[in-house]
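Read off the chains here:
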Amino acid sequence: MKVLIVGGGGREHALAWKLAQSPRLGRLYTAPGNPGTASLGVTVPLAADAGPALVDWSVTNAIDLVVIGPEAPLAAGLADALRGRGLRVFGPSRAAAEIEASKAFAKAFMRRHNLPTARHATFTDYYAAVGHLLAVDFERSGVVIKASGLAAGKGVVVPECADDADAALRDIMVTGAHGAAGQTVVIEERLSGEEVSLLAFSDGTTVKAMLPAQDHKRLGDNDQGPNTGGMGAIAPTPLCPPALTEQITVTILQPAIDGLRAEGRPFVGVLYAGLMLTPAGPQVLEFNCRFGDPETEALMPLLESDLLDILAACADGRLAEVDVRWRAGAAACVILAAAGYPAAPETGRAIRGLNQPLDQAVIYHAGTRQVGDEVVTAGGRVLAVTGWGANLKDALGQAYQVASGIHFDGVQYRHDIGQRALRGIS
Ligand code: AMP
Ligand code: GLY
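Structure report, in brief. This one's a predicted model, so the numbers in the text were calculated from it and none came from an experiment.

## Quick word on the overall build of the protein chain
Along the protein chain, the regular secondary structure elements total 14 helices and 22 strands. Taking 426 residues into account, the globule formula puts the C-alpha radius of gyration at 22 Å, and the protein chain, at 21 Å, falls close to it. Taken along the three principal axes of its C-alpha coordinates, the protein chain extends 60 × 45 × 45 Å. Within the span of the protein chain, comprising 426 residues, buried residues form 57% of the whole.

Set out below in structure tokens:
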């Protein structure tokens, strides 16, 4: 089979790494890929948002399956355009991707289908939103303010006081910090608890959950510092034991897939539920319409089944026929970020230590570039180092041993990935 992966980050390298293990894989292409995916297949010099050019290229090259990584091309309708030309695609239609691309749609959808989520109100008028905030008691509870559209993970503010909330609202709705994504705003009740990511494969009808994973969003140890795209991940997280995973699958993921189909938006791809485990049970913070990053980097080494079989079965509507099996043990991913990340990452620094011997570990490229014989930094999140083993402690040991052998100017990473889970803190 000829497979094209659209995207060029750590998530796409992890998908390429796993697909490359499939006996059914003929040729692997990535667009635009990165130096990591280049060692596994052919790099296609087209950006993930190249739309019509990607469609033409896929038709011309008779691609058997297109796998779309990032949310932006999905929200822009790339899957529809490819299907319209007769191609087989793993990734939701534009209409189904609204579950991530419009938080206003997602919240209303959850309400329509009785999915557990924080209470909310949606606003397109700034003064109406300000009026709503006046009733909030920041001492007792609090709110979360969200730009409704796609804002690269930066559209959510958790204000500590009324002044912060006002400032956030002004920033999003008046100043237009996130452009059109902030024309509509969701204000929701603030929840507390541990956060878990549960991703599931779906062909639009059948749902098969992955192992529960946990992201680490803050830049610094002990969850200090600014929010990032994710500084590390573990899977499976002991915070979500198998019975709870099953409960979430039955009460949240399956009804969401059924609801989308019933509303004429069948969802083919990965549905990602970002959940808060509260005393009242799991609540949905958000849905994403794609594989998580860096969750995927931790999940792929634990997938025992053939990823290509699963993705092709989803695209063909026959996921029920395919086994999705996971290995025992655990995996942990540590992100190596550039100096200045997330505000203003430094780029162009030479990276050393990429060729060290690896046993139960893999170094995924996220933001790197090949310059002559050298690989240099080219983004905020530079590398995703994943280790695995019989348990989380072993997995972390593998990941940190490899991470400590990699060097570039200003490299920064968290030293406490998985520690809360290890200590069993809830
Ligand atoms: P989202 O993009 O909607 O997942 O929000 C990003 C982050 O904001 C989440 O990972 C949570 O840490 C936080 N968050 C979102 N919604 C809530 C909520 N209702 N209560 C508390 N924290 C939240
Ligand atoms: N790990 C967060 C995300 O993929 O959105």
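On we go from here.
## Description of unusual backbone geometry
In this model, Ala-235 is joined to Pro-236 through a cis peptide bond whose omega is -10 degrees. Mapped onto the elements of the fold, Pro-236 is located in the loop between β15 (232-235) and α10 (242-262). Of note, the bond from Tyr-341 into Pro-342 is cis; its omega dihedral lies within 30 degrees of zero at 5 degrees. With respect to the helices, strands and loops of the structure, Pro-342 is situated in the loop between β18 (330-337) and β19 (361-365). The phi dihedral of Asn-114 falls on the positive side, at around 55 degrees, and the residue is not glycine. Here Asn-114 shows up in the loop between α7 (103-112) and β6 (120-123). The backbone of Asp-223 shows a phi angle near 55 degrees, a positive value even though the residue is not glycine. Structurally, the position occupied by Asp-223 is in the loop between β13 (218-220) and β14 (224-227).

Reading the values: rules and limits
Residues numbered from 1 in each chain as written. Chains lettered and ligands numbered in written order. Predicted model: local features only at pLDDT ≥ 70, side-chain atom pairs only at ≥ 80, totals over all residues. Heavy atoms only, no water. Helix = DSSP H or I, 4+ residues; strand = E, 2+ residues; numbered from the N terminus. Rg over C-alpha atoms; globule rule 2.2 N^0.38 Å. Buried < 20%, exposed > 50% of the residue type's maximum accessible area, 1.4 Å probe, protein only.

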